Amino acid sequence: MVRTIANAVGALFVLSLLAALWGSISGVISDPPKPTAADLFHKEPKALHLASDGPFGKFDQQQLQRGFQVFKEVCSNCHSLKLVAFRDLKGIGYDDAQIKAIADQWAVEQPTTNPDTGEPATRKNLPSDHIPPPFANDIAARAANNNALPPDLSLMAKAREGGAPYIYSILTGYEPIPVALKKNFPDSLPLPGLHYNPYFPSLNIAMAQQLTTEGQVQYQDGTRPTVDQMAEDVSAFLVWAAEPKLESRHVAGFATVIFLVIFCFLAWGAYQNVWRDLEH
Amino acid sequence: MSFPWAQQYQPKHPLMRWIDEKLPLPRLVYNSVGGGYPVPRNLNYWWNFGVLAGAALAIQIITGVVLAMHYAANAGVAFDSVEHIMRDVNAGWFLRYAHATGASMFFIVVYIHIFRGLYYGSYKAPREMVWLLGVVIFLLMMATAFMGYVLPWGQMSFWGAQVITGFFSAIPVVGENIRIWLLGGYAPGDASLNRFFSLHYLLPFVIAAVIILHIWALHIPGSNNPTGVDVKGEQDTVPFHPYYTAKDGFGLGVFLLVFAVILFFAPNYLGHADNYIPANPLSTPAEIVPEWYFWPFYAILRAFTANFLWIPAKLWGVMAMFSSILLLFFLPWIDSSPVRSARYRPTYRMFFFIWLLDILVLGWCGGSPATPGYIIVGQFAAAYYFAHFLIILPIISRSERPRPLPNSITEAVLAKAHDRAPHGAGDPVPAE
């Protein structure tokens with residue numbers, strides 16, 4: 001009885017699948033899938049090697065500070081970094097006095113309430129504050145950016161397939177529109193206000209090229225601020241911003257693995273010892 | 001408990017004697033996972049995975065309870081509270097990555113445990129109840145994992161909740177109302193997040209309770225073994241402790257090593273980048289993909305693309321997906337062959353591996369974009385999945401000629417030892 005019902009149900013599923021299969025195959029035959037502009041012109045991220053890569057990776061604090069400077073002087077005009085507090089900058093090598101100064105001199109102030117009148121007001125940033133967003137809200141951000149919303153960068157290095165190399169490729173990947181794209185995909189050309197970038201999934205990104213000329217940011221440590229260098233540094237900084245505990249994770253992981261390898265050897269020995277007289 | 005020669009618990013210390021008289025809990029533990037549980041002597045490493053699944057559940061509960069102390073189940077702050085755990089809670093990143101990776105490890109271990117049961121016929125009489133309870137645990141795990149994935153309230157959380165609760169809207173007439181009732185609204189929102197959190201906290205303890213029943217049911221006939229042959233006498237078994245506690249200790253070490261490598265060096269490898277974007281009801285991700293452990297079932301769901309017999313494609317897909325798991329409840333009766341282990345069932349063995357390959361193909365399709373190519377491959381693989389259980393298994397369980405079974409576990413063990421020993425002078429005389 002159970003078997004008859006099961007077979008009947010199974011037969012129905014198989015018939016339904018056959019109908020679906022017929023639909024899929026005839027669909028492919030009558031309307032073969034055509035490659036889209038993104039299929040043909042989208043590029044995989046360029047190679048980028050950072051000090052934090054790999055199981056032994058550690059942050060290059062000099063580079064993180066340079067990247068923070070790029071963020072501060074370029075990115076932070078439009079992008080927020082909500083999850084990072086000024087106090088967290090200790091992790092990239094600033095001391096308490098420097099952090100206090102950075103917070104105090106930050107261009108955007110913290111919203112607060114006037115203690116006397118209760119009116120909305122602003123005050124200087126403190127080390128305990130999170131980095132304030134450049135716009136009061138999403139509507140203001142869109143209004144200032146051609147109706148595009150600059151995403152928060154705190155988790156950018158983890159929130160996109162490709163991570164840091166993706167960020168680096170976007171920043172350095174602006175190109176003239178290929179002739180073949182213009183010819184074959186006139187519908188996929190950037191609309192007004194969008195910019196061609198083959199590393200962006202849809203090829204058309206709202207952000208214009210931001211790192212344009214060498215020396216746009218003046219590095220304190222004497223590193224030559226080429227466009228490539230600035231893009232690499234800010235990508236490294238965003239890896240830190242997304243995963244500030246990366247170094248302690250690697251160190252703890254290394255210790256754990258050593259401990260467990262020793263544990264496995266001892267457990268193996270105990271196992272062999274218990275079973276030594278028994279065929280199994 | 002299960003065999004007359006099982007060792008009896010004999011408390012030596014007066015305190016233990018006193019406890020044993022009042023509440024024989026130490027005796028229960030001794031009879032369950034101590035010297036009082038005789039286990040076949042020939043279990044291989046595939047038998048480690050039951051204990052490992054228990055360990056994985058314990059890790060999930062311990063890390064989860066601490067995470068819940070810092071997490072806020074409110075749609076406005078849930079995402080940021082997870083990042084607060086990652087950045088500001090002491091060792092919070094460890095707890096969260098351990099919990100997220102731990103879910104994947106739990107599923108890996110349980111899948112291997114299930115495949116072991118299928119290969120060695122552990123679902124067959126007299127262990128049907130063990131198998132049925134195991135399928136219940138698997139279903140509870142899937143529900144728990146799904147609700148846990150919603151909690152960080154990222155893009156995949158939100159849209160995953162949207163898709164999975166959408167299954168219920170396929171039910172005719174009342175489906176949409178059921179979906180709204182489950183979500184507590186028209187779309188996933190604060191009400192959904194709160195109830196998912198509540199249930200995500202509850203279900204692991206339900207799983208633990210069903211595991212107790214699972215082990216209880218197991219201890220009545222005792223463990224199966226790689227030959228599938230019944231235990232005939234005392235020489236076939238060893239006490240669980242110290243023999244299998246020692247072996248499981250080693251297995252646990254290897255499991256934790258693999259776990260640690262993923263946790264510390266590739267914690268986001270098994271996740272999805274989109275879940276680091278806060279949930280946004282106005283922006284649908286390009287691809288909505290569930291966690292890897294749901295991929296085979298997701299592929300079955302997506303394979304049904306045609307309305308057929310006045311039933312819409314979506315309802316076919318949902319019914320097929322649920323049936324693909326519920327089918328497992330009937331397995332002990334679908335496969336009527338009296339021989340348990342695939343070692344002695346050459347035809348079943350071959351089809352088992354084809355089925356395993358089929359599951360991997362389904363998983364690969366389920367994790368890939370819904371392009372016609374993957375859908376068509378998924379349709380063949382889904383058809384084969386059902387054919388395996390509903391056509392192939394019933395036929396081979398009747399027509400197959402099994403290889404001769406050993407007379408006892410001990411005979412099989414000694415024959416293997418004899419084959420392995422170097423032949424020549426000084427060969428020990430086989431104990432036959």
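Residue numbers restart at each chain and count upward from 1, following the sequence in its written direction. Chains and ligands are labelled sequentially in the order written, the chains with letters from A and the ligands with numbers from 1. For a predicted model such as this one, the threshold for reporting local features is a pLDDT of at least 70, and the threshold for listing and counting side-chain atom pairs is 80 or more; totals across whole chains, interfaces and linings nevertheless cover every residue. Side-chain figures throughout are based on the complete set of non-hydrogen atoms in the structure, without hydrogens or water.

1. Observations concerning the overall build of chain A
Secondary structure elements are taken from DSSP: a helix is a run of H or I of four residues or more, a strand is a run of E of two residues or more, and numbering for both begins at the N terminus. The helix and strand inventory of chain A stands at 10 helices and four strands. Element order for chain A, N to C, with α for helix and β for strand: α-α-α-α-β-β-α-α-α-α-β-β-α-α. Each radius of gyration is computed over the set of C-alpha atoms, and the globule rule expresses the reference value as 2.2 Å times the number of residues to the power 0.38. A globule of 280 residues ought to have a C-alpha radius of gyration of about 19 Å, yet chain A, at 27 Å, is considerably larger. Projected onto the principal axes, the alpha-carbon positions of chain A cover approximately 80 × 70 × 50 Å. Under the scheme applied here, a residue whose accessible area is under 20% of the maximum for its type counts as buried, over 50% as exposed, and between as partly exposed, the area being computed with a 1.4 Å probe on protein chains only. Buried positions account for 39% of the 280 residues belonging to chain A. Look at the contacts in chain A between residues 6 or more apart in sequence, and 65% of them connect residues 24 or more apart. Only carbon and sulfur atoms are counted for the fraction: they give 60% of the accessible area of chain A, which is about 15200 Å². Counting 22 positive and 28 negative side-chain charges, chain A places the centres of these two groups 3 Å from one another. Whether two residues are in contact is decided by their heavy atoms, any of which lying within 4.5 Å being enough. For the accessible areas, the method is Shrake-Rupley and the probe is 1.4 Å, while residue cover comes only from the protein chains on display. The charged-residue count follows a simple rule in which Lys and Arg add positive charge and Asp and Glu add negative charge, with His and chain termini not counted at all. In this description, the location of a charge corresponds to atom NZ of lysine, CZ of arginine, CG of aspartate or CD of glutamate.

2. Side note on the domain arrangement of chain B
All names here are of chain B. Just so you know, the domain bounds were taken from an automatic or database domain assignment. When the domains of chain B are assigned, the result is domain 1 (48–228 + 249–273) and domain 2 (289–409). One C-alpha centre belongs to domain 1, the other to domain 2, and the line joining them spans 22 Å. Tallying the contact residues gives 41 residues for domain 1 and 36 residues for domain 2. The contact between domain 1 and domain 2 buries some 3600 Å² in all, and 70% of this surface belongs to carbon and sulfur atoms. Here's the idea: put two parts together, see how much 1.4 Å probe accessible area each one loses, and the total over both is what we call buried area. When the area that domain 1 buries against domain 2 is broken down by residue, the three leading residues are Tyr-119, Lys-124 and Phe-167, summing to 20%. Salt bridges are defined as contacts in which a side-chain nitrogen from Lys or Arg sits within 4 Å of a carboxyl oxygen from Asp or Glu. Our enumeration of links across domain 1 and domain 2 arrives at one salt bridge. For Asp-335, the salt bridge is made with Lys-124, and the minimal N-O distance between the two is 3.2 Å.

3. Comments concerning the interface of chain A and chain B
Contacts between chain A and chain B engage 52 residues on the former and 63 residues on the latter. Of the roughly 5000 Å² buried between chain A and chain B, counting both surfaces, carbon and sulfur atoms make up 71%. For the chain A face of the interface with chain B, the top three residues by lost area are A:Phe13, A:Leu17 and A:Arg249, together amounting to 14%. Applying the counting criterion to the chain A and chain B interface returns one salt bridge. Across the salt bridge formed by B:Asp88 and A:Arg87, the nearest N and O atoms sit 3.4 Å from each other. Distance and chemistry together define a polar contact, namely a pair of N or O atoms within 3.5 Å, with one atom able to donate a hydrogen and the other to accept it when in protein, and with adjacent residues in sequence counting only for side-chain atoms on both sides. Summed over the shared surface of chain A and chain B, the number is 10 residue pairs in polar contact (both at pLDDT 80 or more). Among the elements of the structure, α1 (2–30), α6 (156–159), α9 (227–242) and α10 (246–275) of chain A are those that each provide at least two residues to the side of chain A that touches chain B. Per element, the largest residue contribution to the side of chain A that touches chain B is 18 residues, and it comes from α10(A). In the side of chain A that touches chain B, the residues fall into 33 nonpolar, 10 polar and nine charged. Three classes are used, and their members are as follows: Ala, Val, Leu, Ile, Met, Phe, Trp, Tyr, Cys and Pro are nonpolar, Asp, Glu, Lys and Arg are charged, and the others, Gly among them, are polar.

4. Details of the layout of surface pockets
Residue and element names in this part refer to chain B. A cavity here means a set of 1 Å grid points, computed over protein atoms only, where a 1.4 Å probe fits but cannot escape. A pocket is an open set with protein on both sides within 12 Å along at least 5 of 7 lines, and lining residues have an atom within 4 Å of a point. Grid points are joined across faces, edges and corners, and a volume is the space filled by probe spheres set on the points. Volume-wise, the second largest pocket comes out at about 940 Å³. Forming the boundary of the second largest pocket are 39 residues, of which Gly-50, Val-51, His-113, His-214 and Leu-218 lie nearest the centre. Looking at the lining of the second largest pocket, the elements with two or more residues in it are α2 (25–33), α3 (49–70), α5 (92–119), α6 (128–150), α9 (190–219) and α10 (240–265). Across the lining of the second largest pocket, the residue classes tally to 22 nonpolar, 13 polar and four charged.

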